[in-house]
Amino acid sequence: MLERELGFFHSSPVQTTSFSISINGNLHGYFRGKQGLRQGDPMSPYLFMLVMEVLSLLLQHAAVSSNGFKYHAQCAKQKIINVSFADDLFIFVHGDVWSIGKVKQALERFTSISGLVSSPAKSTVYFCNVPLNVRQDILRLMPFQEGSLPVRYLGVPLITTKLIFKDCNPLVDRMEKKIDSWLNKSLSFAGRLQLVNSGRAKAKVALSDICLPKAEGGLGIWSISDSRGSISWGWRKLLSIRDIVRPFIWKLVRSGLQTNVWSDNWCHLSPLSSFITPRRISNVGFSISSSIADLIDVNGQWKWPQAWYDIYPMLIELNVPQLIHNMEDRTIWKDLEGNNCHFQSLEVWNVIRHRESPVPWVNGVWFSQCILRHSFHLWLVIKNKLKTQDRLAVWEVGSATNLNLMCCPLCRNNRDSRDHLFFQCSFASNVWKEVKPMVSLEKVDDSWQSIMDWMTENASSKKTEHIVCKLVISAATYFIWLERNNCLFSNAHANVATVVGRIKNTVRLCLMGFEFRGDAKVEKMLKKWEIARNEEENDPG
């Protein structure tokens, strides 16, 4: 069995990516991508599967066109040669030189067609019951590293039996080391979301708020609380929500054989067991496990006694479903509006989650062109969850003397608060005076409420000038906060020009990655930001 990794050595037709380099948290430089996709691009798996399909066909052709080729003993019946998953490739073949040679020829032909080559340093060959002299011949033919069984993938052995505790230890150790490493670094927005459950410090925002969708003011993080018990964690969580999700799981009646007439949801009265007791069901000769088909007679009428219509008058309105005898009943999911829809775990979460009213500013914070760390910071500002001095005073953090001495690190007047820090402070006001002429924020005055009013009015706008405004607002709050912390903890002197420069440079670099269509307003905006562009470019997408 061979395990191989393939390296991309040729240009890809995808050439629309753009990059900036982050140094100490700030973006510097700008360049366009010209070869291939960025790491983690969602298109990568599709391209991988496309080229692996070609390789599979070449390997199969090599096998059927050679009389001496032998499949791996466990793969001969299905005629399997290779298996691909994630971005890895396993090749299975009988341990003889002739068969290995045919595999090598197929790989060489694949290389000549695609430009993809195998990496011997990242490839491993595994032998089982192969004589030593044959092993040596194969390793001379395919100069890979020799591995030992069992094969491990992502630190876990690939075996047919159930994994035991010691099998998972290497993976757990690797994850613990990686988490320890992450905790010692300054994490980005994406990194913080990956580690939302780490640490025991008091959170800035309540978990119930964080787990709301972005449209309702949260971060859209799914939350399943921890619990203890002897059964597995997965089963505990499933059992704990079954009463909540049961009303949304319905049966679409066709033959009526797969739907329990008493306990399943199949009509507007379901479940019938909510008002017809097991004792009454049993007394008239029915079974608690009866299907709908069992309760319908040959004339298409309900079999239950006439007396039930007096006891349960709601049954009078219950029509007998038209059965389709050659089709099975189907389980479906009904959403909150009662519409039949395809089942997804997202639908379950949408049912059981805490709900709030949609917020009008969501598209002003989260939009396709946003800079994530700026948006995350702006989200905290809107929630008023930054550790500003007015909030620290309420929490009584620090000594009484320190609380009395608190003042805004930027202007040295008053305690800093969200409203003071980002507009009313003379330093912040000077920053805004420099950046507002670059964008269409004429209606915004020196107050935080003014920003929120603008957000409510323009958050969902797709106009280029409004997208730039949103970028400037999030960048300004981000860099003003950084300067505030720099002055507070490093005794530095606040510098308006430095902050303005950071805001302009960051937004300008972001705009350079956009594609624009000719328009007088756009031309004027690009001139302000000193951005040259090609004539054929389109609007930012």
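Helices that pack against each other are described as a pair by the angle of their axes relative to one another and the distance between those axes. Where helix α18 (residues 464-490) contacts helix α19 (residues 496-512), the axes come no closer than 9 Å and their chain directions differ by 140°. Once α18 is placed against α19, the crossing between them reads as right-handed. Residues Val468, Leu471, Val472, Ala475, Ala476, Phe479, Ile480 and Glu483 of α18 form the contact with α19, whose own contacting residues are Val499, Arg502, Ile503, Thr506, Val507, Cys510 and Leu511. Tallied by class, residues from the contact of α18 with α19 come to twelve nonpolar, one polar and two charged.

Pairing geometry for strand β12 (residues 249-252) and strand β13 (residues 330-334), over four bridges, is antiparallel. The residue bridging Trp250 from the neighbouring strand is Ile332, located in β13. Note that β13 and strand β14 (residues 340-341) share two bridges and pair antiparallel. In the strand pairing of β14, Lys334 is matched with Asn340. Here β13 hands over to β14 after five residues, with Gly338 in that stretch at a positive phi of 85°.

The strand order across the open sheet formed by three strands is β12-β13-β14, and the pairing between neighbours is antiparallel. Looking at strand neighbours, the two that pair on one side only are β12 and β14, the edges of this open sheet.

For the chain, per-residue confidence averages 81 on the pLDDT scale, and residues scoring 70 or more make up 82% of the total. Low pLDDT, under 50, characterises residues 1-13; the predicted model gives this stretch 49 contacts beyond four residues in sequence or across chains.

As for its placement among the helices and strands, Trp454 is situated in helix α17 (residues 448-458). Taking C-alpha positions, Trp454 is 7.7 Å from Lys443, a pair spaced eleven residues apart along the chain. Apart from the residues within four sequence positions on either side, Trp454 is in contact with Ser440, Leu441, Val444, Ala459, His466, Cys469, Lys470 and Ile473.

This part covers the side chain of Ser270. Structurally, Ser270 can be placed in the loop between β12 and α8 (278-283). The exposure class of Ser270 is buried, given its relative accessible area of 16%. A polar contact is formed between the side chain of Ser270 and the backbone nitrogen of Trp266, at a distance of 2.9 Å. From its side chain, Ser270 meets the backbone nitrogen of Cys267 in a polar contact 2.9 Å long. Dropping the residues within four chain positions of it, Ser270 is found in contact with Asp264 and Asn265.

Cut-off values and rules
- Residues numbered from 1 in each chain as written.
- Predicted model: local features only at pLDDT ≥ 70, side-chain atom pairs only at ≥ 80, totals over all residues.
- Heavy atoms only, no water.
- Axes fitted to C-alpha atoms, helices over the stretch in contact; angles between N-to-C directions.
- Helix = DSSP H or I, 4+ residues; strand = E, 2+ residues; numbered from the N terminus.
- Left-handed = near helix turned anticlockwise from the far one by under 90°.
- Contact = heavy atoms within 4.5 Å.
- Nonpolar A, V, L, I, M, F, W, Y, C, P; charged D, E, K, R; others polar.
- Pairing = 2+ DSSP bridges.
- pLDDT = per-residue confidence, 0-100.
- Buried < 20%, exposed > 50% of the residue type's maximum accessible area, 1.4 Å probe, protein only.
- Polar contact = N/O pair within 3.5 Å; in protein donor to acceptor, adjacent residues only side chain to side chain.

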